[in-house]
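# Architecture and fold: a report
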Amino acid sequence: MREYRCTRNALYTHDCIGHDDTTPRQGHYIWAINEEAAWQEMARRYPDETTAGFTVQEWESFDVKVVEVKRDENGNIIE
């Protein structure tokens with residue numbers, strides 16, 4: 001199985017980032033045997049959007065470390 005990043009091509013119906021531009025959308029990360037299976041999973045989740053389709057890209061996961069940055073009242077980073 002491989003991981004795929006899948007994004008919805010249809011315009012969002014609500015006002016948000018990515019409403020009319022798909023580039024800032026984060027996508028759905030789906031494990032599937034191939035691109036077609038990932039597309040089919042998106043179709044299962046969003047059946048009303050199959051005409052607009054979905055963008056499916058093979059994806060390689062990576063570890064992310066989240067670090068809190070603390071700032072003082074002047075906006076300076078506190079170390």
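Residues numbered from 1 in each chain as written. Predicted model: local features only at pLDDT ≥ 70, side-chain atom pairs only at ≥ 80, totals over all residues. Heavy atoms only, no water.

## A word on the overall build of the protein chain
Operational definition: Helix and strand assignments come from DSSP, with helices taken as H or I runs of at least 4 residues and strands as E runs of at least 2, each series counted from the N terminus. Partly exposed residues are those whose accessible area sits between 20% and 50% of the maximum for their type, while under 20% is buried and over 50% is exposed, using a 1.4 Å probe and protein chains only. Contacts between residues were defined by any pair of non-hydrogen atoms, one from each residue, lying within 4.5 Å. Accessible surface area values rest on a Shrake-Rupley calculation with a 1.4 Å probe, where residue burial reflects the displayed protein chains alone.
Of regular secondary structure, the protein chain possesses 1 helix and 5 strands. If you list the helices and strands of the protein chain from N to C, you get β-β-α-β-β-β. Counting across all 79 residues of the protein chain, residues that qualify as buried make up 25%. Of the contacts formed within the protein chain by residues at least 6 apart in sequence, a portion of 51% connects residues at least 24 apart. Accessible area for the protein chain stands at about 6,400 Å²; split by element, carbon and sulfur atoms hold 47% of it.

## Topic: the sheet that holds strand 1 (residues 2-8)
Put simply, the test is: Whether two strands pair comes down to DSSP finding at least two bridges between them. In this analysis an axis means a line fitted to C-alpha atoms, helices contributing only their contacting stretch, and an angle means the value between N-to-C directions, from 0 to 180 degrees.
If you trace the 3 strands from one edge of the open sheet to the other, you get 2-1-3, paired in antiparallel fashion. Pairing within the sheet leaves two strands with one partner each, and these edge strands are strand 2 (28-32) and strand 3 (54-59). Going from strand to strand, the sheet's axes swing by 35 degrees on average, the running direction of each strand aside. Alignment of strand 1 against strand 2, held across 5 bridges, turns out to be antiparallel. Within strand 2, the position partnered with E3 by the bridge is W31. Against the sheet, helix 1 (residues 35-45) engages strand 1, strand 2 and strand 3, with an angle of about 125 degrees to strand 2.

## Observations concerning the nonpolar core
The criterion, for reference: The definition of a nonpolar core used throughout is a set of buried Ala, Val, Leu, Ile, Met, Phe, Trp, Tyr and Cys residues joined through side-chain atoms within 4.5 Å.
Core analysis: the biggest nonpolar cluster contains 9 residues, these being Y4, C6, I30, A32, A38, M42, A43, F54 and V56. Sorting the residues of this core by element identifies strand 1, strand 2, helix 1 and strand 3 as the ones contributing at least two each. Excluding residues within four positions of it along the chain, Y4 makes contact with H28, Y29, I30, A32, I33, N34, E35, A38, V56, Q57, E58 and W59.

## Re helix 1
Heads up, the rule is: N or O atoms closer than or at 3.5 Å make up a polar contact, with two conditions inside protein: a donor-capable atom paired with an acceptor-capable one, and, for residues adjacent in sequence, both atoms drawn from side chains.
Turning to helix 1, its buried residues are A38, E41, M42 and A43. Buried residues belonging to helix 1 abut strand 1, strand 2 and strand 3. Here helix 1 starts with a cap whose side-chain oxygen sits 3.2 Å from the backbone nitrogen of E36, and that cap is N34.

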